[in-house]
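# Coordinate analysis (summary)
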Amino acid sequence: MASVDTTRNNRQSEKTIAAQVGTTGAGKSVSGARRPDAAAGGALTGEVEKKLRDVLEIGGVWKRDATAPTYDELRPYGERETAGFPVYKDLEKRLLNATEHPDPEIAHVMATCAGYAYSDPKTLSMIMARMGLEDNRCRMIQSSVDAMLICSTAFLIQSKSGRVGILCYRGTEPVNFINWLSTVDIEPERIGYQVGDPCATVHAGLYRNVRATRYEVMNALRQACARRSVMAVQTDRPDAQRGDGLASEPGQVESELEALYIVGHSQGGAMAALMSVMMRHERKYREAFGDRLKAVYTFGQPMIGDPAFAAACESDPFLRENVIRYVYDSDVVPHLPSTSSGHFQHFGREYHYSVPHLRNSALAIISPFRQGSQSRRGRWEPRRRPAGQMSGLLGLPLAALAFVARKFEATRSLPATYSIDDHLPQHYITALTPPGVQSEFGD
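Here goes a summary of the coordinates provided. (Residues numbered from 1 in each chain as written. Predicted model: local features only at pLDDT ≥ 70, side-chain atom pairs only at ≥ 80, totals over all residues. Heavy atoms only, no water.)

### Side note on the overall build of the protein
For the protein, the count of helices and strands is 16 helices and 11 strands. Going through the 443 residues of the protein one by one, you find that 55% of them count as buried. Within the protein, contacts between residues at least 6 apart in sequence are counted, and of these 76% link residues at least 24 apart. Accessible surface computed for the protein: about 19,400 Å², of which carbon and sulfur atoms make up 53%. (Helix = DSSP H or I, 4+ residues; strand = E, 2+ residues; numbered from the N terminus. Buried < 20%, exposed > 50% of the residue type's maximum accessible area, 1.4 Å probe, protein only. Contact = heavy atoms within 4.5 Å. Areas by Shrake-Rupley, 256 points an atom, 1.4 Å probe, with all protein chains shown as cover.)

### Some thoughts on the sheet that holds strand 4 (residues 164–169)
The sheet built from nine strands is open, its strands ordered 1-2-3-4-7-8-9-10-11 with mixed pairing. This sheet does not close on itself; its edge strands, each paired only once, are strand 1 (62–67) and strand 11 (379–383). Sheet twist, expressed as the average angle between the axes of neighbouring strands with direction ignored, equals 20°. Direction of pairing for strand 9 (residues 323–328) relative to strand 10 (residues 349–354): parallel, over a ladder of five bridges. The partner of Arg325 across the bridge, within strand 10, is Glu350. (Pairing = 2+ DSSP bridges. Axes fitted to C-alpha atoms, helices over the stretch in contact; angles between N-to-C directions.)

### Some thoughts on helix 16 (residues 425–432)
With respect to burial, helix 16 is a largely interior element, six of its eight residues being buried. Every buried residue belonging to helix 16 is among Pro425, His427, Tyr428, Ile429, Ala431 and Leu432, and all of these are buried. Contacts made by the buried residues of helix 16 are with helix 5 (104–116), strand 7 (259–265), strand 8 (293–299), strand 9, strand 10 and strand 11.

### Examining the nonpolar core
Formed by 48 residues in total, the largest nonpolar core has its most connected members in Ile262, Phe309 and Phe347. Ranked by the residues each element gives to this core, the list is headed by helix 8 (residues 204–225), at 10 residues. Excluding residues within four positions of it along the chain, Phe347 makes contact with Ala273, Val277, Ile304, Phe309, Ala310, Cys313, Glu314, Leu319, Val323 and Arg325. (Core = buried A, V, L, I, M, F, W, Y, C linked by side-chain atoms within 4.5 Å.)

### Focus: the packing of helix 5 against helix 16
Relative placement of two packed helices is described by the angle separating their axes and the distance separating the axes. Close contact between helix 5 and helix 16 brings their axes to 9 Å; oriented N to C, the two are set at 160°. Judged by the inter-axis angle, helix 5 sits roughly antiparallel to helix 16. Crossing of helix 5 against helix 16: the hand is left-handed. Side by side, helix 5 and helix 16 meet where Pro104, Ala107, His108, Ala111, Thr112 and Gly115 of the first sit next to Pro425, Tyr428, Ile429 and Leu432 of the second. Among the residues making up the contact of helix 5 with helix 16, the classes are represented as seven nonpolar, three polar and no charged. (Parallel < 35°, antiparallel > 145°, perpendicular 65-115°, else oblique. Left-handed = near helix turned anticlockwise from the far one by under 90°. Nonpolar A, V, L, I, M, F, W, Y, C, P; charged D, E, K, R; others polar.)

### Observations regarding the packing of aromatic side chains
Any aromatic ring pair is given by two values, namely how distant the centres are and how the planes are angled relative to each other. Taken as a whole and judged by the stated rule, the model has 12 aromatic pairs. On the numbers, 5.9 Å between centres and 80° between planes, the contact of Phe309 with Phe347 is edge-to-face. Taken together, the residues Phe309 in helix 11 (residues 307–314) and Phe347 in the loop between strand 9 and strand 10 connect sequence positions 38 residues apart. The exposure classification of Phe309 matches that of Phe347, with both residues buried. Members of the aromatic cluster, each reached through a chain of ring pairs, are Tyr297, Phe299, Tyr326, Tyr328, Tyr351, Tyr353, Trp380 and Tyr428. (Phe/Tyr/Trp six-rings, centres within 6.5 Å; stacked < 30°, edge-to-face > 60°.)

### Looking at the pairing of strand 7
Judged by how many residues are buried, strand 7 sits mostly within the fold: seven of seven residues are covered. Both faces of strand 7 are covered, namely the face carrying Ala259, Tyr261, Val263 and His265 and the face carrying Leu260, Ile262 and Gly264. Note that strand 4 and strand 7 share six bridges and pair parallel. Paired with Cys168 across the bridge in strand 7 is Val263.

### Points about the pattern of salt bridges
Scanning the model with the defined rule gives 17 salt bridges in all. One salt bridge in this structure joins Arg320 and Glu321, with 3.5 Å as the shortest N-O distance. Taking relative accessible area as the criterion, Arg320 reaches 30% and is therefore assigned partly exposed. Among the residues examined, Glu321 registers a relative accessible area of 34% and is labelled partly exposed. Taken together, the shared-partner salt bridges connect Asp72, Arg80, Glu81 and Glu134 into one network. (Salt bridge = Lys/Arg side-chain N within 4 Å of Asp/Glu carboxyl O.)

Function cannot be read off these values alone, since they describe shape.
Here is the structure:
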């Protein structure tokens, strides 16, 4: 499998790769990156383009890397740092030293990370720099097989020193039909998972999506634990090259990985939670990463497995206390799969954001100038009982109707049992932003 070095600021190479990827079919994948500067070629060389075509023909895993822009590049016309930029100064220390979860500031960072995982590694790396991880490195690992309902995308963000890593899974893409099929699968296939109860089962589609990129994710984490960059490194030294002309060893970083967070929105949240189970209960991963795993934050996550699986996860202190699930108001996805698919159940700690729509609408009438800021104002509360399954499939059209109703002022205050609109990641980001804290853009 080919892999090309990625550093900073070569948009032409990125466009070349995007154009080639756009011509692929189901199950095709590519590994690509950006050149250090335009003088290095602008477009990929003929030899690398040939390797790219070979990869497209045989399938594989698509990997892309990005390095965050510096603060000087992000703010060329103003002060390098101000009261609102970066959003959290010393974010790396916050992530390293947090002893209790959920932490409100870390939850805000993770929600932002999960929301921007729907973009590309360059954008996500830039946003995380704005949040406070200056000069971070980001590797995107992606695999797709449409016929198998596999569309798996993971991002591994490594702090400048290498001490902190964030493994973020992309969720259900709004315009990706395969993603939606795997999320609302009416009768999902199940796979037995050896955790606690020998009869415990998990959703086979979610399991396959995690496994599709797991080996590359674990390889990147292994590099981080060995004080290496998670990105590919290219060199001209003959003693450091493989047969394809690429470096056999990534570059060194200041420190090894000490704190790992796993995060995701929607289906990405389910993949994040399932990966945490694998790290806790598969010995080879527990020995390598167990002590480094600090917390798992998910947003609008569907259920993963049956009650036996959930009970086995609840028996693990880490999974019971440090898997934090956030549910925004009437978000429909945490109630999936429905009872039509059999019995499923959540595990971990759940926090629900309740929005009193009727009350907010009344306040908007009294104070119309505050309507925009008050319409979705609510509060987070811990739930003793996790979100239950949707009864049958009737809730899906109701969730779609609620989405439409929220777009009109006259119907916006109507209560909804389920809503697709409440599943959007920007609602989670806004609701989790602590009072007085700036947005990811510093305003």
